[in-house]
Amino acid sequence: MSERHGNFQDVFSQLAEENLLDSDWEPKTRTLLAREHNEQPWYVRIMVGFSAWLASWMLIGFVVGAAIVESEQATLILGVVLVVGAVVGRCVSDNDFITQMALAVSLAGEALMIFGVAQFSESFEITILSFVALEAVLLAFYPDIVHRFLSAASIIFALAILLFEWKALDWVHVIVISFAMLFVLLVYAEQHFLARGQARLLTPVKWGVLFGQLSVLMLSTVYVLPELMRDMQLFPNPWISGIGLGLLLLYLVYELVKSENFTLTSANTAALYASCILVIILSAMAPGLIMALIILLLGFARVDRVLMSVAIGFFTVFLTAFFYGIELNLLTKSMLLIGVGALLIAGRFGLKFYLAAQKEIALNE
Amino acid sequence: MAKQKLSAIPVTTRRLKHIANELKLSVSAQQRAFELAGLKPDRAAWLQFVDRLMLISGAALTVVGVMAFFAYNWAELHKAAKFILIEGALVAAVVVAYFRGVDKLSGKAALFAAAVFTGVLLAVYGQTYQTGADPYGLFLTWAILISGWALIGRNPGLWLLLLVLANLSLILYWTQLVHPEDWSRGLATELGPFAGITYSLTDFALAQWVCALNAFALVSWEFFQRRELHWMRGRSFPRIIAVFALVPIAISTLIFIFAMGAEYYWGIRYVSPVLFAIFTLLALYYYSKKLLDMFILAVSLLALIVIVTSLLARVIHSGFEMFFLLSILVIGQSAAAAHWLRKVRKSWEAQA
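In this numbering scheme, every chain counts its residues from 1 along its sequence in written order. Here chains are named by letter from A upward and ligands by number from 1 upward, in the order in which they appear as written. The predicted origin of the model limits local features to residues at a pLDDT of at least 70 and limits the giving and counting of side-chain atom pairs to 80 or more, whereas totals for whole chains, interfaces and linings rest on all residues. Excluded from the side-chain calculation are hydrogens and water; included are all heavy atoms of the structure.

Let's shift gears to the overall build of chain B. Counting from the N terminus, the helices are DSSP H or I runs at least four residues long and the strands are E runs at least two residues long. Scanning chain B from terminus to terminus reveals 14 helices and zero strands. The principal-axis extents of the C-alpha atoms in chain B amount to approximately 70 × 65 × 35 Å. The contact criterion used throughout is that any non-hydrogen atoms of two residues lie within 4.5 Å. Residue pairs at least 24 apart in sequence account for 67% of intrachain contacts in chain B once pairs closer than 6 positions are excluded. Residue burial considers only the protein chains on display, and all accessible areas are found by Shrake-Rupley using a 1.4 Å probe. Carbon and sulfur atoms provide 69% of the accessible area of chain B, an area that totals close to 17600 Å². In this count, Lys and Arg are taken as positive residues and Asp and Glu as negative ones, while His and the chain termini are left out. Charge coordinates come from a single atom per side chain, which is NZ of Lys, CZ of Arg, CG of Asp or CD of Glu. For chain B, the centre of its 30 positive side-chain charges and the centre of its 18 negative side-chain charges are spaced 14 Å apart.

Structure (C-alpha cells):
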C-alpha cells in the first residue's frame, strides 16, 4: 500500500458534500498546508533538542562555576525563575532563536531546581518525585514539541531509577507494560485529540512515552555483573513483560480484526489467535520482539511510516543486543529464535495455501 | 505550496493529521477523509503486509537463531553434522533464491540468508580446525565471497552487509596487525565488541581510513543512484553510510581539538580535521544543491555545531563566563541551522 493516494481537492470537496466539512474549507486548507510545510522533520528536531541539551549544560556550568548561587534556596529560586522565564518566552514567540534559547534555559532551570530540591530535602525519593511532578506540570504548560517529548521520556526514566533505588526492580514490568498500554491508548485516541486541536500535546507525548518505554525494555538485554549490582538483577524475569506485552498484542489483534471488519470463520479466528499465542510463548524471554510487533501493527493500521520504521529499527537493535546478552545461553537463544522464525515462515506458507484454496473455491462457484 | 492547486497536492497521513488538528475535524470526518484518501489499509493490503511481515521477520529470526546455534559451539555435536547442517542451510537458501528470483521478496530474503550463512560456515571452519588465522581474515574472506551475490542481488541490505564486513575487516586488520599493542583498547573490548570497535576509532589513521572507505561507498552509491536504478531509490542506505563516514572522523577531530599538543597524537593527526571539513562541506553542498536529503544535512550540521563549539571551548580560556558565551553560541548555531534547513527545503519546493 502506497502512502500517497487522493488529492486534497477531491477528498475535501467530498467531505464538504457529505456535510463533514465547512463550506469555506478551501482557503483555510491552502493556508494550513503552507504552514504545515514550515514544520521541521523529526531528525531536525532531534538536532535542535541535542543542541539545546548541550547549551543547557553550559548554562548550568556557568551558573555553578561563577558561583551565582550559593545556597540551596537561591539555587531553587534561580531554577524557578529560569523555568518560568523560558515558558513565558516560548509562549510569546515562535522565532527559531527564542525557541532554542527557551529550551536550553528551561533545561538548565529544571536541573537547578532539582539540584536545589536534592540539597534541601537530602532525600533521593523526594528529589525524583519532585522531578516527575515538575515534568508533568511542564508537559501541560510548556508548549514546545521537543520539550514535551523530553518530559514524557524523562518521567519514565525517573520512575525506573526510583525502582532501582528502592531495590524493587521486579516492578520494572509494571513500567514496561503500563506505558506500552498508554502508548497504544494514545495511538487509538489520536483522532479524538485532533478533533480538539491538541496534536501539539499528543504527538510529542506519544513519542516520548514510546522512547522511554523502549529504553527501559532494552534493559532486558543488558547483563551486569552481580558484584556490581549488589545481587540485584537489572531486569529480572523478562518473561513477565513478555506475557504482559503478549496480552496487549492479543488485544490489539482482536481490536484490529473488529475495527477492520475482517470476516473470519471460527477456524480462521482460532488459527490466528493460536499462532499469536505460540509466538508470544516462544518469544516471552525476548519481550522486545513482541513490542516491535505491536508497534509495527499499529504503524500499518494507521499508515504511519515513521512508526513502522521505529518498529523495524527497534527489532534490529533488540535482536542484536539479545544475541550478545548473556542472561540465556546461546543454545537456548538459538532454539527460541529458530522456533519463532520457523513458526512465522510456516504461518506464511499456511496463509498462502489457504488463500489459494479460497481463490479456487470462489472460481468454482 | 500556497500557490499550488489543491488537486495537485497528494493527501499524506502527516498532512491530513495536521489539517484535521487545525480545523478540529470531527472523528467521523477524519475517518471518512482517511478512507477517501486511500489511507486505510483494505483486506488485500493487510494480507500483503502480514505475508511480508511473516516472511521477513521469520527469516531474520531464523538466520540469527542459526548464528546463535553455531556460536554456541556445541561440543556434543560431531563436526561432520555441523558442516552438513550449515552447508545444507546455505545450499537450500541459494536454491530458493535461484528459483524465486532475486527480484521477489522471498528470493531477496533467501539470498541475504545465504550471505549470512557463508560467514557462519567460515566461523564453523575456524572453530573446528583452529586455523589460527586472524579474525580480520574471516570478515575479509566473507566479504569477498558474497560480493558476487551483492552485485547480482539488487538488494541494498546485501550491500550494507558487505560494507559492514569491509569496515570490520579494516578495523580488525588495523587493531590486530598494524597497532596490536594497546591495553586501553583491550579494556574497552572487555565491555563488549561495540565498545571495542568504537574505541578503536580513536586511532587517527584508522578513523581516516574508515571515513575514506565509507565516503567512497557513499559517492559510488549516489553516482549509480542517479542512473535511475529502481532498487537504489530508497534513501536509508546512503544515510547509514553517511553516518558511518562522519562519526569516525568527527570523533577523531574532537580528539585532535582536545588533545592538541599531546605527544601521543603526533603524526598524521592534522588530516582528521581537514577530512572532516571536506566531508561536511561537500555533503552540505551536494545535499542542498544537487539532491535534497534533509537527514544528511541535519546530521552534518549537528556534527559541525559540536566541532565548532569544541574548538572555541578549547581556544577560549576565560573562566566560567566562557560557558555562558558557548551556550549562546550553540543556541545561535542551531537556530541558524534550523533556519537554513527550512530555507533549503523551500527553495527545492519552489523549483519543483
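Moving on to the overall build of chain A. Per the secondary structure count, chain A includes 15 helices and zero strands. When contacts within chain A are restricted to residue pairs at least 6 apart in sequence, long-range pairs at least 24 apart make up 69% of them. On chain A, roughly 17400 Å² of surface is accessible, and the fraction owed to carbon and sulfur atoms is 68%. Side-chain charges of chain A comprise 19 positive and 29 negative groups, with the mean position of each set lying 6 Å from the other.

Between chain B and chain A, the residue contacts involve 95 residues of the former and 96 residues of the latter. When two parts are brought into contact, each loses some accessible area as probed by a 1.4 Å sphere; the total of that loss over both is the buried area. Buried surface at the junction of chain B and chain A, both sides included, amounts to about 8900 Å², of which 72% is carbon and sulfur. Each salt bridge in this description consists of a side-chain nitrogen of Lys or Arg and a carboxyl oxygen of Asp or Glu lying within 4 Å of one another. The interface formed by chain B and chain A contains four salt bridges. What qualifies as a polar contact is a pair of N or O atoms within 3.5 Å, subject to a donor-acceptor requirement within protein and to the restriction that residues adjacent in sequence count only when both atoms come from side chains. The tally of links from chain B across to chain A stands at 12 residue pairs in polar contact (both at pLDDT 80 or more). Residue assignment for the side of chain B that touches chain A shows that the elements contributing at least two residues are helix H1 (13–23), helix H2 (27–36), helix H3 (43–71), helix H13 (294–315) and helix H14 (321–351) of chain B. If one sorts the elements of the side of chain B that touches chain A by residue count, H3(B) sits on top with 24 residues. A breakdown of the residues in the side of chain B that touches chain A according to their chemical character gives 57 nonpolar, 22 polar and 16 charged. Each residue gets one label: Ala, Val, Leu, Ile, Met, Phe, Trp, Tyr, Cys and Pro are nonpolar, Asp, Glu, Lys and Arg are charged, and the others, such as Gly, are polar.

Residue and element names in this part refer to chain A. Where helix H4 (residues 72–92) contacts helix H5 (residues 96–121), the axes come no closer than 7 Å and their chain directions differ by 155°. What the angle tells us is that H4 and H5 run roughly antiparallel. Crossing handedness for the pair H4 and H5: left-handed. The class makeup of the residues in the contact of H4 with H5 is 14 nonpolar, nine polar and three charged. Axis lines are fitted through C-alpha atoms, for helices just across the contact stretch, and the angle between N-to-C directions can take any value from 0 to 180 degrees. Oblique is the label for any angle not covered by the other classes, which are roughly parallel (under 35 degrees), roughly antiparallel (over 145) and roughly perpendicular (65 to 115). For any pair of crossing helices, the crossing counts as left-handed if the nearer helix is rotated counterclockwise from the farther one by less than a right angle, and right-handed if it is rotated clockwise.

So, about the packing of aromatic side chains. When two rings of Phe, Tyr or Trp (its six-membered ring) have centres within 6.5 Å they constitute a pair, described as stacked for plane angles under 30 degrees, edge-to-face for angles over 60, and tilted for the intermediate range. Summed over the entire model, instances satisfying the criterion amount to 23 aromatic pairs over all chains. Taken together, a centroid distance of 6.5 Å and an interplanar angle of 70° make the contact between Phe83(B) and Tyr125(B) edge-to-face. With Phe83(B) in helix H4 (residues 79–100) and Tyr125(B) in helix H5 (residues 105–129), this residue pair connects regions lying 42 residues apart in the sequence. Relative to Tyr173(B), the ring of Tyr136(B) lies with its centre 5.2 Å away and its plane at 70°, an arrangement referred to as edge-to-face. Highlighted residues: Tyr136(B) in helix H6 (residues 135–153) and Tyr173(B) in helix H7 (residues 156–178), separated in sequence by 37 residues. Clustering of aromatic rings is evident, with ring pairs tying together Phe8(A), Phe12(A) and Trp25(A). Note that Lys333(A) overlies the ring of Phe322(A), its terminal NZ or CZ placed 5.6 Å from the centroid. Working rule: Lys NZ or Arg CZ, within 6 Å of ring centre, within 35 degrees of ring normal, means a charge sits over the ring.

If charged atoms from side chains of opposite charge come close, those side chains can pair. Summed over the entire model, instances satisfying the criterion amount to 14 salt bridges over all chains. The shortest N-O distance in the salt bridge between Arg239(B) and Asp293(B) comes to 3.1 Å. Residue Arg239(B) is located in helix H11 (residues 236–258), and its partner Asp293(B) is located in the loop between helix H12 (271–290) and H13; the two are separated by 54 residues in the primary sequence. Relative accessible area serves as the criterion here: at 1%, Asp293(B) is assigned to the buried category. Each of the salt bridges in this network shares a partner with another, and the network as a whole consists of Glu190(A), Lys206(A), Asp304(A) and Lys17(B). Per-residue accessibility, obtained with a 1.4 Å probe over protein chains only, is compared with the maximum for each type, and a residue is labelled buried under 20%, exposed over 50%, and partly exposed between these values.

Here we take up the environment of Val205(A). All names here are of chain A. Tracing the backbone through its elements, the reader meets Val205 in helix H10 (residues 199–218). Note on Val205: relative accessible area 14%, which makes it buried. In sequence terms Val205 and Ala153 are 52 residues apart; their C-alpha atoms lie 8.1 Å from each other. In this structure, Val205 is in contact with Leu139, Ala152 and Leu186, ignoring residues within four places of it in sequence.

Segmentation into domains, and thus their bounds, comes from an automatic or database assignment. Structurally, chain B comprises domain 1 (1–40) and domain 2 (201–352). Of note, the centres of domain 1 of chain B and domain 2 of chain B, computed from C-alpha atoms alone, are 36 Å apart.

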